[in-house]
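Coordinate analysis (summary)
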Amino acid sequence: MTSALSPNAPDPAPGPQVRASALVRHAKLWLVPTVLCALVSLLLSLLYMGGILSPSDHLDRLPIALVDEDEGRPLPGQRENLGKQITDSIVSTGPSKAVDWRRLDRAAAQDALASGKVFGALVVPADFTASVAALTTNRATVRPTLTVLTNPGLGSLGSSLASQINQSAAHRASLTIGRQLSATSAAPTTRVLLSDPVAVVTRVGHPIGRHSGLGLTAFYYTLLLVLGGFIGGNMIHSGVDTALGYADSEIGPWHTRRPTVPVSRTQTLVLKMLMTAGIALLTTTLVMVATIGILGMDADHLPMLWLFSYCATVAVGLGVQAINAAFGGIGQLVSMFVFIALALPSSGATVPLEATPAFYRFLGIFEPMHQLSSGVRSILYFDAQADAGLARGWIMIAVGTVGALAFGFVMTHYYDRRGLRRLTPQPE
């Protein structure tokens with residue numbers, strides 16, 4: 001039987017009504033909500049703020065390319081040219097654990113930038129030693145220059161951190177060279193000019209589109225996919241339970257309870273997962289229409305982006321259904337931590353994982369946001385290259401989908417075999 005109460009309908013169960021002033025004095029009524037709210041607030045605060053407060057203090061092997069193209073002859077009294085001296089000094093004296101200096105030639109460095117494998121590069125040009133040597137003569141025509149290359153496709157913060165590290169290394173090299181040159185010059189004016197002789201030029205190593213949010217569209221687009229799977233999964237879960245009579249429907253003052261449909265937990269999960277996969281076809285398409293078609297986000301490889309987006313949304317949605325089926329009433333809270341609370345700070349899309357505490361780097365191994373954002377970033381910024389994160393993204397989508405199916409159906413089958421049915425028949 002279906003019943004609905006209008007705002008003016010009489011109370012179906014007449015009798016004395018309990019007042020809130022009486023209920024609010026019951027300590028047990030406060031206990032569970034208070035404990036849960038306190039724990040959620042504390043954990044969310046620690047999780048979100050703990051990963052962003054001091055990224056420079058937590059640097060752990062941030063990959064940066066180091067390119068020595070110097071072809072000049074060594075200066076008098078030296079066995080190596082300045083390019084070799086500078087790069088050796090940077091690698092040997094720099095913070096050993098903070099930066100992963102990768103010695104590459106220019107072509108390899110450009111490829112690493114274009115595939116998102118390094119956050120930036122420091123380049124010593126071919127004429128560096130020659131231009132430095134000319135400073136102490138009347139043949140100087142240009143100021144020696146070191147070039148810092150950025151990689152905005154890896155996020156503005158990561159690229160900025162790499163740029164700061166490169167500029168600091170270049171400045172130290174300039175001061176060292178200046179001291180060497182000043183020792184050979186007798187004129188005080190010349191020594192002042194030579195105290196910091198090297199210019200540092202910053203350029204974009206791998207450009208991205210103007211409508212790419214300075215490298216943040218990959219993160220926010222991925223967030224839309226995860227939220228689509230998470231919110232959509234929970235809405236389908238609640239909607240199906242309401243339609244099958246396992247939950248009440250309450251909209252404003254209207255309350256409805258449908259007759260309970262006798263269906264097992266396993267079959268209910270099958271229904272919810274099928275609906276998740278079907279509705280995701282629409283939501284994924286609408287996300288792309290809104291972000292690319294209406295807002296004009298820069299994006300290539302649209303068929304690949306749609307397919308990856310759809311599969312990512314479905315994988316998250318199936319995970320939500322499996323968790324809800326296994327944990328029941330607290331399933332939405334559990335899935336919120338799995339797909340949102342733990343996933344956002346460990347995504348590596350805004351703050352590089354190399355600049356977060358070890359706990360977040362550990363979460364990044366399996367949390368879905370990191371895997372999905374790497375795949376989206378590869379499609380949007382790095383020409384959909386497999387080694388730029390796309391291959392790992394596909395692998396983790398497959399692992400997540402299989403894991404959700406296995407976990408969900410193992411748990412519901414176990415509950416069904418134990419006779420732990422949800423059936424609560426309503427009076428006809």
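Shown above is the structure to which this text applies.
Residues numbered from 1 in each chain as written. Predicted model: local features only at pLDDT ≥ 70, side-chain atom pairs only at ≥ 80, totals over all residues. Heavy atoms only, no water.

Here's the deal with the pairing of strand E4 (residues 120-124)
Of all the 5 residues making up E4, 5 are buried; the element is thus mostly covered by neighbouring parts of the structure. Alternating residues of E4 divide into Gly 120, Leu 122 and Val 124 and Ala 121 and Val 123, and every residue in both groups is buried. Note that strand E2 (residues 62-68) and E4 share 4 bridges and pair parallel. The partner of Leu 66 across the bridge, within E4, is Leu 122. Strand direction decides the pairing type here: E4 and strand E5 (residues 145-150), joined by 4 bridges, are antiparallel. Its bridge partner lying in E5, Gly 120 is registered against Thr 150. (Buried < 20%, exposed > 50% of the residue type's maximum accessible area, 1.4 Å probe, protein only. Helix = DSSP H or I, 4+ residues; strand = E, 2+ residues; numbered from the N terminus. Pairing = 2+ DSSP bridges.)

A look at the pattern of salt bridges
On inspection of all chains with the given rule, the structure shows 10 salt bridges. Residues Glu 69 and Arg 106 are paired through a salt bridge, measuring 3.6 Å at the closest nitrogen-oxygen approach. Highlighted residues: Glu 69 in the loop between E2 and helix H3 (82-93) and Arg 106 in helix H4 (residues 106-114), separated in sequence by 37 residues. By relative accessible area, Glu 69 is classed as partly exposed at 28%. Asp 100 is the salt-bridge partner of Arg 102, the closest N and O atoms lying 3.0 Å from each other. Judged by relative accessible area, Arg 102 falls into the partly exposed class, the value being 31%. For Asp 100, a relative accessible area of 14% translates into the label buried. One continuous salt-bridge network, built from bridges that share partners, spans Glu 80, Lys 84, Asp 88 and Arg 103. (Salt bridge = Lys/Arg side-chain N within 4 Å of Asp/Glu carboxyl O.)

Topic: the sheet that holds E5
Pairing within the open sheet is mixed, and its 5 strands lie in the order E3-E2-E4-E5-E6. On the outer flanks of this sheet lie strand E3 (99-103) and strand E6 (199-204), each paired with one strand and no other. Pairs of neighbouring strands in the sheet enclose a mean axial angle of 25°, with direction left out of account. Relative to E3, E2 runs parallel, the two sharing 5 bridges. Counterpart to Ala 65 in the pairing with E3 is Arg 102. (Axes fitted to C-alpha atoms, helices over the stretch in contact; angles between N-to-C directions.)

Comments concerning the pairing of strand E8 (residues 254-257)
Two elements, strand E7 (residues 249-251) and E8, share 3 bridges in a ladder whose sense is antiparallel. Directly across from Ser 249, in E8, lies its bridge partner Thr 256. The loop that links E7 with its antiparallel partner E8 comprises 2 residues; one of these, Gly 252, has a positive phi angle of about 60°.

With respect to the side chain of Thr 276
You can see Thr 276 is positioned in helix H9 (residues 265-294). Among the polar contacts made by the side chain of Thr 276, one reaches the main-chain carbonyl oxygen of Lys 272 at a distance of 2.8 Å. When neighbours within four sequence positions are excluded, Thr 276 is seen to be in contact with Ile 236, Val 314, Gly 317, Leu 318 and Gln 321. (Polar contact = N/O pair within 3.5 Å; in protein donor to acceptor, adjacent residues only side chain to side chain. Contact = heavy atoms within 4.5 Å.)

Some remarks on the packing of helix H13 (residues 368-381) against helix H14 (residues 390-417)
For the pair H13 and H14, the least separation of the axes is 7 Å and the interaxial angle reads 140°. By the criterion of interaxial angle, the relationship of H13 to H14 is oblique. Considering the relative orientation of H13 and H14, their crossing is left-handed. Of the residues in H14, those touching H13 at Gln 371, Leu 372, Ser 374, Gly 375, Ser 378 and Ile 379 are Leu 390, Arg 392, Gly 393, Met 396 and Ile 397. Grouping the amino acids of the contact of H13 with H14 by side-chain chemistry returns 5 nonpolar, 5 polar and 1 charged. (Parallel < 35°, antiparallel > 145°, perpendicular 65-115°, else oblique. Left-handed = near helix turned anticlockwise from the far one by under 90°. Nonpolar A, V, L, I, M, F, W, Y, C, P; charged D, E, K, R; others polar.)

Some thoughts on the environment of Ile 292
Relative to the helices and strands, Ile 292 resides in helix H9. Once residues lying within four places of it in the same chain are set aside, the contact partners of Ile 292 are Met 297, Ala 299, Leu 302 and Leu 305.

Remarks on H14
Across its 28 residues, H14 extends 40 Å between first and last C-alpha, which sits within 8% of the 40 Å expected from 1.5 Å per residue. The complete set of buried residues in H14 reads Leu 390, Gly 393, Ile 397, Ala 404, Gly 408, Thr 412 and Tyr 415. Buried residues along H14 sit against H9, helix H10 (302-327) and H13. (Expected span 1.5 Å × (residues − 1).)

Notes on the packing of helix H8 (residues 217-243) against helix H11 (residues 331-341)
Axis separation between H8 and H11 bottoms out at 11 Å; the angle between their running directions is 170°. By the criterion of interaxial angle, the relationship of H8 to H11 is roughly antiparallel. Taken together, the residues of H11 that come into contact with H8 (itself represented by Val 226, Leu 227, Phe 230, Asn 234, His 237 and Ser 238) are Gln 332, Ser 335, Met 336, Phe 339 and Ile 340. The residue inventory of the contact of H8 with H11, partitioned by class, reads 6 nonpolar, 5 polar and no charged.

Keep in mind that these numbers describe shape and distance, not what the molecule does.
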